[in-house]
Amino acid sequence: MRGQITLLEPVPVELGPGAWHMPGRALAKAGGLLDAIAEVIRDVPLRQMLTPGGRRICAPMTNCGRLGWISDRRGYRYSAEDPLTGRPWPPMPELVAQLARQLAGEAGYAGFEPDACLVNAYRPGMRMGLHQDRDEADMSQPIVSVSLGLPAVFLWGGLRRGDKARRVTLAHGDALVFGGESRMCFHGIAPVARGRHPKTGELRYNLTLRRAAA
Ligand code: SIN
Ligand code: FE2
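Thresholds, definitions, all that
Residues numbered from 1 in each chain as written. Chains lettered and ligands numbered in written order. Predicted model: local features only at pLDDT ≥ 70, side-chain atom pairs only at ≥ 80, totals over all residues. Heavy atoms only, no water. Near = heavy atom within 4 Å. Polar contact = N/O pair within 3.5 Å; in protein donor to acceptor, adjacent residues only side chain to side chain. Areas by Shrake-Rupley, 256 points an atom, 1.4 Å probe, with all protein chains shown as cover. Helix = DSSP H or I, 4+ residues; strand = E, 2+ residues; numbered from the N terminus. Nonpolar A, V, L, I, M, F, W, Y, C, P; charged D, E, K, R; others polar. Donors = N, O, S within 2.8 Å, 3.2 Å for Na, K, Ca; no water. Tetrahedral: all angles 85-135°; square planar, octahedral: opposite > 155°, others 65-115°. Buried < 20%, exposed > 50% of the residue type's maximum accessible area, 1.4 Å probe, protein only. Expected span 1.5 Å × (residues − 1). Contact = heavy atoms within 4.5 Å. Phe/Tyr/Trp six-rings, centres within 6.5 Å; stacked < 30°, edge-to-face > 60°. Salt bridge = Lys/Arg side-chain N within 4 Å of Asp/Glu carboxyl O. Pairing = 2+ DSSP bridges. Axes fitted to C-alpha atoms, helices over the stretch in contact; angles between N-to-C directions.

Considerations on the site of ligand 1
Item 1. Around ligand 1 sit Asn120, Tyr122, Met128, His131, His187, Ile189, Arg204 and Asn206, and that is every residue in its neighbourhood.
Item 2. The separation between an oxygen atom of ligand 1 and a polar side-chain atom of histidine 187 is 3.0 Å.
Item 3. Separating an oxygen atom of ligand 1 from a side-chain N or O atom of arginine 204 is a distance of 2.8 Å.
Item 4. Considered on its own, ligand 1 offers 260 Å² of accessible surface; in the complex 95% of this is hidden by protein.
Item 5. Listing elements by their share of the shell around ligand 1, those giving two or more residues are strand S6 (116-122), strand S7 (128-131), strand S12 (187-189) and strand S13 (204-210).
Item 6. Its residues placed into classes, the shell around ligand 1 shows 3 nonpolar, 4 polar and 1 charged.

Rendered as structure tokens:
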């Protein structure tokens, strides 16, 4: 098509020091990842969590792995149990852990071992406000994020809340890794546009893989 460039092997794009957008890097594993998500959601359903201020977080979430990120009136934190049942979260599927190690390694973070996987599910119109990931014990560990289904615009800001955010489209199978000097950068998701994806319908999934405990 005129005016469009198609790269057969998309190359990683450095968004900032230690922050990489890896277009299509998880595409080969997308089917297995979606199966893994379906299994997790059957076990520990997606739910809308409350912020400490009492507002509802837009996108429903759940977790797998030893620790899960939760939010309620008592604050943002990691918990080894699903607050809905008091039972441990389901284990992190090896496919997911293995992909996270590999992507982190490619971005320069050798030895990354995730213990927490947050699953976010966005329907059109849902968004995630600009925030920092700051509930983890060791900030020298990176964040690995994988996008599946409907595309979304990732807002990539700076170290201060007011810094202008760059807009990066995350498509099905894209990965992001950020750590080092960019570990505390503000980031978020613009409202997801209406659409239908052949694999997920009207949904965008995001897996955020983190090392929560020291
Ligand atoms: C997040 O940073 O919490 C989620 C980002 C995303 O959905 O891609
Ligand atoms: Fe985040």
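What follows picks up the thread again.
A short note on the coordination of the iron ion (ligand 2)
Item 1. Taken together, the protein ligands of the iron ion (ligand 2) are His131 (NE2), Asp133 (OD) and His187 (NE2), with distances of 2.1 to 2.2 Å.
Item 2. For the iron ion (ligand 2), the 4 donor atoms are set out with angles of 88 to 174° between them, so the coordination reads as irregular.
Item 3. Written as a sequence motif, the donor arrangement for the iron ion (ligand 2) is H-x1-D-x53-H. On the criterion of sequence distance, the pair formed by aspartate 133 in the loop between S7 and strand S8 (143-149) and histidine 187 in strand S12 is long-range, its members being 54 residues apart. Of the two residues, aspartate 133 and histidine 187, neither departs from the other in class, the shared state being buried.

Some remarks on helix H2 (residues 94-106)
Item 1. Between its first and last C-alpha atoms H2 spans 18 Å; for 13 residues at 1.5 Å apiece the expected length is 18 Å, and the two agree.
Item 2. Tucked inside the fold, the buried residues of H2 contact strand S2 (19-22), helix H1 (30-43), S6, S8, strand S11 (175-178) and S13.
Item 3. In the segment just after H2, glycine 108 is the residue with positive phi, at about 100°.

Describing the packing of aromatic side chains
For any two aromatic rings, the description comes down to two numbers: the centre-to-centre distance and the angle of the planes.
Item 1. Enumeration over the complete set of coordinates arrives at 3 aromatic pairs.
Item 2. Taken together, a centroid distance of 6.0 Å and an interplanar angle of 20° make the contact between phenylalanine 154 and tryptophan 156 stacked.
Item 3. For phenylalanine 154, a relative accessible area of 5% puts it in the buried group.
Item 4. Ring geometry for tryptophan 156 versus phenylalanine 178: centroids 5.2 Å apart, planes at 65°, classification edge-to-face. Taken together, the positions of tryptophan 156 in strand S9 (residues 152-156) and phenylalanine 178 in strand S11 put the pair 22 residues apart, joining distant regions of the chain. With respect to class, tryptophan 156 is no different from phenylalanine 178; both count as buried.
Item 5. In textbook terms, an aromatic cluster arises when at least three aromatic residues are bridged by ring pairs, as seen for Phe154, Trp156 and Phe178.

Structural notes on the pattern of salt bridges
Item 1. In the structure shown here, the tally under the stated rule is 11 salt bridges.
Item 2. Glutamate 136 is the salt-bridge partner of arginine 183, the closest N and O atoms lying 2.8 Å from each other. With arginine 183 in the loop between S11 and S12 and glutamate 136 in the loop between S7 and S8, this residue pair connects regions lying 47 residues apart in the sequence. Each member of the pair, arginine 183 together with glutamate 136, is buried.
Item 3. Counted as one network, the salt bridges with shared partners bring together Asp133, Glu136, Arg183 and Arg210.

Examining the sheet that holds S13
Item 1. Ordered in space as S1-S2-S11-S8-S13-S6-S3, the 7 strands form an open sheet in which the pairing is antiparallel. Every interior strand has two partners, whereas the edge strands, strand S1 (13-16) and strand S3 (61-64), have only one. Across the sheet, the axes of successive neighbouring strands diverge by a mean angle of 20°, strand direction being ignored.
Item 2. Relative to S6, S3 runs antiparallel, the two sharing 4 bridges.

With respect to the side chain of histidine 197
Item 1. Note that histidine 197 resides in the loop between S12 and S13.
Item 2. At 2.9 Å, the side chain of histidine 197 and the backbone nitrogen of lysine 199 are in polar contact.
Item 3. Those residues in contact with histidine 197 that sit more than four places away from it in its chain are Gly149, Leu150 and His172.

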